Number of protein chains: 2
Amino acid sequence: MNDSLKLPDNLFVPGQGDTPEYIDDKVLSNLCESEHPADLASQLSDLDLDQLVTIFSHMSPECCADVLTHMDYEDQREIAKELSNDVLALAITRMSSDDRVDLLQSMPEESSEILLRLLATTEREDIRRLSSYEEDTAGALMTSEYATLSPGLTARQAIDKLRLEAPNKETIYYSYVIDAQRRLLGLVSLRELILARPTVRIEKIMRRDPIFARVHDDQEEVARQMAKYDLLAMPVVNGKDALVGIITFDDVHDVIEEEATEDFHRMGSISSGTGADDLVDIGLRDATPWLLIRKRLPWLMALVFMNIFSGAGIAYYEDTIQATVALVFFLPLLIGSGGNAGAQSATLMVRALAIGDVMMKDWFRLLGKEVGIALAIGLCMALAVSFIGVFRGGMDVAVIVSMAMVCVVLFGSLLGMSLPFLLTRLKLDPATASAPLVTSVADIGGVIIYFGIASWYLGLHHAAI
Amino acid sequence: MNDSLKLPDNLFVPGQGDTPEYIDDKVLSNLCESEHPADLASQLSDLDLDQLVTIFSHMSPECCADVLTHMDYEDQREIAKELSNDVLALAITRMSSDDRVDLLQSMPEESSEILLRLLATTEREDIRRLSSYEEDTAGALMTSEYATLSPGLTARQAIDKLRLEAPNKETIYYSYVIDAQRRLLGLVSLRELILARPTVRIEKIMRRDPIFARVHDDQEEVARQMAKYDLLAMPVVNGKDALVGIITFDDVHDVIEEEATEDFHRMGSISSGTGADDLVDIGLRDATPWLLIRKRLPWLMALVFMNIFSGAGIAYYEDTIQATVALVFFLPLLIGSGGNAGAQSATLMVRALAIGDVMMKDWFRLLGKEVGIALAIGLCMALAVSFIGVFRGGMDVAVIVSMAMVCVVLFGSLLGMSLPFLLTRLKLDPATASAPLVTSVADIGGVIIYFGIASWYLGLHHAAI
């Protein structure tokens, strides 16, 4: 593992007198030979844009394509903006079809149009077609460099065909068997081809009804299916059932990680969005302050207005508070505990729904379980808090705080577990039931429950005296 | 995509009179032929344990192995407990080496010992060796069914060897070239073998210095490397640099998802743990209430004791509160806002650290950015809240609440972003900076800042009058 690799010192030759600093082409081409493009990309990412542009202009088109592919979208865009169109066009022709579409889509339209004109017609068509699919769909994720076979070929002929085509295909380990209308008939792996008798026909050995995706399928669903069936690649068909691309296993890693990041952000009440300028794509390190403010402020403002209700709840019980100010000491503790228990339940539920561990139909059964768990947890916390209550506010306060604790934890937990289900039912993302949202709603409930119990208990008590 | 598939109705033949319900073997073997094991596994998971045991006892050992592999750990264990040892031993021999180790490790020690005795010596040794690695390491994740080649073979000889061995290998798309001491010399892909001249020697075409892992490397790090380099498989070497296993791409999906789930749970202040009985492995749906209470209560209790400090803070300012009860109306709003802003920052930072987008060294630069962002956000929120302040508590309260809002949001944000770094520095998991923890600490700070500003401002004001 080459995390600690550094660029060689002699890559840049310092300028003398009027000659500016320049690049040693030999050192650079050696680097391209010996380093993995992913490593080169991460080493280069620390350099200034000027230096990067110089380096990329001196690279071979192959190396340039490989390294660019491995850089962040943000860096890619910056570099592409500065590189000359000729250099860029050469590199783009050598990128795999899904990567170049991503790059071109991140550029301003005028620049990408100029670039497209420099490419060969077939490539231009391919890019136009791939760019036409909406982001986060199978169509946008797929590559058009896949291997196809016709059912009548023999295993030997198939291997010969793959041998010829291999350099231009993303993978030759899965080949897709198609008819004259490019309809998907089956799938044959290179392993099966090699194991087969050389004269057997593909149609005899292919696996029929392979698992496939449609161009408009959501990328998360596709990734989940590929992970479930341990697929190296998944074919993608269009509305006419014709094969138009494949998605390979390395795209799945990215999708799983991206979707998890998106859910994380939602759970932290950070607005989500799609598009090349999204926080998930750009990353926290490269995000501009303005982007972060745009992502963070909306929910915080919404929560402020929600919290006004807690304030209103307190105002309603002003007399109770004035009578027993000691009750206020326990306010943060009580509403905090309800919020924390709620955040726990919501976290468990959101994640379980996201990875498919829990379905809508499980709601009722889980609700029953949650009541039991929340009661048990609430009672433990009430016991702990009753001691503090006696010590800080006397017996009455202790009783009130303990009773309120059980109710508040129960309320928070049920809220936290139900909200994600409710959102799913409303066809919204369950992760919108963020910890801060649940906490804020639990706050309102907590205030009302706490002071409600207090004024009821104190009223009862006084009446009894 | 076969999510909606159902088991055929005629699988179970209803019993008549004294004959109990039994299974139609033909229907079952057809099912095994036609369905993907992953689909069969998810269809079966809804059945009762009794029915499951009957079905698995009637399956061919191959089908039994494939389907068991695709079931949840919890279901696997339940079924394995009930199946006869003979049936189970036959199935286990047909599982891939990493899957059977997982199954055996989830069983009680006596049962797994009995089973081991039913296996062939080489398999027993292999299982013992693989079980010896700690959980969550490369060693525990790897399989021992990999293809090796010696450097002197020709491409044609290599393909012939792979053809013979293919049925017993997890993948033949990557072969590892080793010397007599099993030290890793290089890597050759099946694609390269097929493209090579049949008479060329492996040592001429192999890629030297392949990326590898060591048995004790953390699984998360291995998954991250495999995703970075888009590897189909990664070789694993032991302390003597000898090749002992490979990790394949499908394991990476699981690790990425598992690690994300673990981080989710930590962020929701749910205690993490390792071991086969962990919540992440068992899943929320199958977790017992007792397990969930054990996972949830510790942090909630810790937070209760933390919240006592908020209460103490309020008690300290009892006089200020008694003088202006209206201040209490804004207490939930202010401490809530600080907590929410903190939860946002912590979420962004924890996730960015987890996916490697941000490193320790970025802390100082990000701190500066965060101050700017938090001030901007705080000012917006102060503006919003000042209107409510005037309306509900008059000018004084509005000024106090606005000033406190800026300070509280700044405090919460800096806390949320710094805590994950601090924990990383202390070699703890940054995700321990859970939303509830940040919220609770922000609560304490919020109380002190709010009432501190209030008593300072009111004191100043009164003195002026």
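This one's a predicted model, so the numbers in the text were calculated from it and none came from an experiment.

Bringing the relation of the copies chain A and chain B into the picture now. When chain A is fitted onto chain B, the two copies agree to an RMSD of 0.1 Å after a turn of 180 degrees and an axial shift of 0.0 Å. With respect to symmetry, the two chain copies, as superposed, fit the operation of a two-fold axis. Of all interface residues in chain A, 99% are interface residues in chain B too; the two copies therefore contact each other through one and the same surface.

Once that is clear, we can look at the state of the cysteines. Two cysteines joined by a covalent bond between their sulfur atoms form a disulfide. All names here are of chain B. Under the defined criterion, the tally for this structure stands at 2 disulfides over all chains. The residue that forms a disulfide with Cys32 is Cys63, at a sulfur-sulfur distance of 2.0 Å. Since a negative S-S torsion denotes a left-handed disulfide, the Cys32-Cys63 link at about -80 degrees is left-handed. Within this pair, whereas Cys32 is found in helix α1 (residues 25-34), its partner Cys63 is found in helix α4 (residues 61-69), the two being separated by 31 residues in sequence. In this model Cys380 remains outside any disulfide bridge; the closest cysteine sulfur is found in Cys407, 16 Å from its own. On the basis of relative accessibility, which here comes to 30%, the residue Cys380 falls in the partly exposed class.

Turning our eyes to something else, we now look at helix α9 (residues 121-131) of chain A. Residues and elements named next belong to chain A. When α9 is considered as a whole, its buried residues turn out to be Glu123, Arg124, Asp126, Ile127 and Leu130. Seen along its axis, α9 keeps its buried residues to an arc of 160 degrees; they face one direction. Those residues of α9 hidden inside the fold are in contact with α6 (85-94), α7 (97-106), α8 (109-118) and α10 (138-141).

A few words now on the pattern of salt bridges. Residue and element names in this part refer to chain A. The final tally for this structure, using the stated rule, is 33 salt bridges over all chains. Salt-bridge contacts for Arg100 lead to Asp126; the nearest nitrogen and oxygen are separated by 3.5 Å. Separated by 26 residues along the polypeptide, Arg100 in helix α7 and Asp126 in helix α9 bring together distant segments of the chain. Note on accessibility: Arg100 and Asp126 belong to one class, buried. Measuring nitrogen to oxygen at the nearest pair gives 3.0 Å for the salt bridge that ties Lys161 to Glu165. Within this pair, Lys161 and its partner Glu165 are both found in helix α11 (residues 155-165), separated by 4 residues, close to a single helical turn. Several salt bridges converge on common partners, so that one network encompasses Arg100, Glu123, Asp126 and Arg129.

Quick look at the sheet that holds strand β5 (residues 184-189) of chain B now. All names here are of chain B. Here 4 strands make up an open sheet; going across it, the order is β3-β4-β5-β6 and the pairing mixed. Of all strands in the sheet, those with a lone pairing partner are β3 (147-149) and β6 (207-208), marking the two edges. Sheet topology note: the β3/strand β4 (residues 174-178) ladder contains 3 bridges and is parallel. Residue Thr148 lies in a different strand from β4, and its bridge partner there is Tyr176.

A separate point is the interface of chain A and chain B. With 120 residues of chain A at the contact, the number on the chain B side is 121 residues. Around 10,800 Å² of area is buried between chain A and chain B when both sides are counted, 67% of it from carbon and sulfur atoms. At the junction of chain A with chain B, the criterion picks out 6 salt bridges. For Asp39 of chain A, the salt bridge goes to Lys228 of chain B, with nearest N and O atoms at 3.3 Å. If you tally residues by element for the side of chain A that touches chain B, the top one is helix α17 (residues 289-316) of chain A, at 17 residues.

Calculation criteria
Residues numbered from 1 in each chain as written. Chains lettered and ligands numbered in written order. Predicted model: local features only at pLDDT ≥ 70, side-chain atom pairs only at ≥ 80, totals over all residues. Heavy atoms only, no water. Least-squares fit on C-alpha atoms with pLDDT ≥ 70 in both. Contact = heavy atoms within 4.5 Å. Disulfide = S-S within 2.5 Å. Helix = DSSP H or I, 4+ residues; strand = E, 2+ residues; numbered from the N terminus. Buried < 20%, exposed > 50% of the residue type's maximum accessible area, 1.4 Å probe, protein only. Arc of directions from axis to C-beta. Salt bridge = Lys/Arg side-chain N within 4 Å of Asp/Glu carboxyl O. Pairing = 2+ DSSP bridges. Buried area = accessible area lost by both parts, 1.4 Å probe.

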